[in-house]
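# Architecture at a glance
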Amino acid sequence: MKTDAREASLLALSQRQRRFEWQLARDEQTRAAGRFVSGKTHDLMNLVQIVQLATLELERCCEATAKEFLDDLTKSAHDAQRSLEEMMAVARPDEVIVPGAPVGAAVDAAISALRPAIAVDIHLATPPDTVTRCTADELEHILIGLALDVVERCAPASTDPGQPGPIEIYVRERVIDGKPWIEIVRSSAFVPAGDRFELRAVEAIAKRAGGELATSDRRGGGEELVVALPVLR
């Protein structure tokens, strides 16, 4: 029964991750569409400016009878420019850097979510009120994703076949190029195999927050995985 309850908790945890990733994918698609529209709008703006410059040249050499036509052309170009500027503002709005959730609360929430399904220790070695650009949901998703990446890919053998060995994650602060960063570190004696789809969303969240995900060989074998996020003061 204990194993069945743990498996049910693990399934619920995976389903929670998938729902969040679905919303994340839709958001990324919206951002990509905005970048595409912004790029095309910029190209159209260049064409409008060419029309405006050409109209100025025509005004110098055309007779008065053409003035009404040129006035209409000038007004149309001006209206088109204003509409394109509005489209660009909507497609790619000015990015405002807003502090996210405190790291300490996100760690506590992730531990509460993980413990029924996975043996995990998350060590917080930075002030709990430290903030990045990540929301509470994004930080939880990163921590849970790092644990599931191990469990769903290559959990090591343990005395209880239904329970993987303990997973340790360290949340620490480092100074890189004179600026504070949070590093979420998971070190394991083995390298998860197969399609590591858990890490795709983790990496997407890190990049959106101005950070990155990196893996390296672990001394003595295995893998060290680090999610680095810039700290906001």
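Scroll up for the structure.
Structure report, in brief. Here the structure is a predicted model, which means the values were calculated and not measured. (Residues numbered from 1 in each chain as written. Predicted model: local features only at pLDDT ≥ 70, side-chain atom pairs only at ≥ 80, totals over all residues. Heavy atoms only, no water.)

### So, the overall build of the protein chain
Secondary structure summary: the protein chain contains five helices and five strands in total. Going residue by residue from the N terminus, the α and β elements of the protein chain occur as α-α-α-β-α-β-β-α-β-β. Across the 233 residues that make up the protein chain, the buried fraction comes to 36%. Sequence separation of 24 or more characterises 74% of the internal contacts of the protein chain that already satisfy a separation of 6 or more. Carbon and sulfur atoms make up 57% of the accessible area of the protein chain, which totals about 13700 Å². (Helix = DSSP H or I, 4+ residues; strand = E, 2+ residues; numbered from the N terminus. Buried < 20%, exposed > 50% of the residue type's maximum accessible area, 1.4 Å probe, protein only. Contact = heavy atoms within 4.5 Å. Areas by Shrake-Rupley, 256 points an atom, 1.4 Å probe, with all protein chains shown as cover.)

### A word on the sheet that holds strand S2 (residues 167-176)
Pairing is mixed across the open sheet formed by five strands, whose spatial order is S1-S2-S3-S5-S4. A single partner strand is all that each edge strand has here, and the edge strands are strand S1 (120-125) and strand S4 (212-217). For this sheet, the mean inter-axis angle between neighbouring strands, taken without regard to orientation, is 25°. The pairing of S4 with strand S5 (residues 223-230) spans six bridges and is classified as antiparallel. Within S5, the position partnered with Ala214 by the bridge is Val226. Along the sheet, helix H3 (residues 103-114) makes contact with S1 and S2, crossing S1 at roughly 175°. (Pairing = 2+ DSSP bridges. Axes fitted to C-alpha atoms, helices over the stretch in contact; angles between N-to-C directions.)

### A closer look at the nonpolar core
Counting 38 residues, the largest nonpolar core has Ile118, Ile122, Ile142, Leu146, Ile184, Val227 and Leu229 as its most contacted members. Contributing elements (two or more residues each) for this core: helix H1 (2-61), H3, S1, helix H4 (136-154), S2, strand S3 (179-188), helix H5 (197-208) and S5. Among the elements that line this core, the one with the most residues is H4, at nine residues. Other than its neighbours up to four places away in sequence, Ile122 contacts Val107, Ala110, Ile111, Leu114, Leu143, Ile169 and Val171. (Core = buried A, V, L, I, M, F, W, Y, C linked by side-chain atoms within 4.5 Å.)

### Regarding unusual backbone geometry
For residues that are not glycine, phi is negative in most cases, and the peptide bond is trans in most cases. Positive phi values are uncommon outside glycine, yet Asp177 reaches one of about 55°. Among the structural elements, Asp177 can be located in the loop between S2 and S3. Under the relative-accessibility criterion, Asp177 is labelled exposed at 77%.

### A closer look at the side chain of Glu21
As for its placement among the helices and strands, Glu21 is situated in helix H1. Residue class for Glu21 comes out buried when judged on its relative accessible area of 15%. Dropping the residues within four chain positions of it, Glu21 is found in contact with His141, Glu198 and Ala201.

### Some words on the side chain of Thr41
Summarising the element assignment, Thr41 is placed in helix H1. Relative accessible area serves as the criterion here: at 2%, Thr41 is assigned to the buried category. Those residues in contact with Thr41 that lie beyond four places of it in its chain are Leu84, Met87 and Met88.

### Observations concerning the pattern of salt bridges
Summed over the entire model, instances satisfying the criterion amount to 13 salt bridges. Close ionic contact of Asp121 with Arg115 constitutes a salt bridge, the shortest N to O distance being 3.4 Å. A salt bridge links Glu183 to Arg174; the nearest nitrogen and oxygen atoms lie 3.2 Å apart. The buried category is assigned to Glu183, whose relative accessible area is 6%. Taken together, the salt bridges that share partners define one network made up of Arg18, Glu21 and Glu198. (Salt bridge = Lys/Arg side-chain N within 4 Å of Asp/Glu carboxyl O.)

### Brief notes about the environment of Arg18
Structurally, the position occupied by Arg18 is in helix H1. By relative accessible area, which is 29% here, Arg18 ends up partly exposed. Arg18 sits 183 residues away from Ala201 along the chain, and the two C-alpha atoms are 9.6 Å apart.

### Observations concerning the pairing of S3
S3 sits mainly inside the fold: seven of its ten residues count as buried. By the bridge criterion, eight bridges tie S2 to S3 in an arrangement that is antiparallel. Bridge pairing links Ile176 to Lys179 in S3. Here S2 hands over to S3 after two residues, with Asp177 in that stretch at a positive phi of 55°. In this structure, S3 lies alongside S5, joined through eight bridges in antiparallel fashion.

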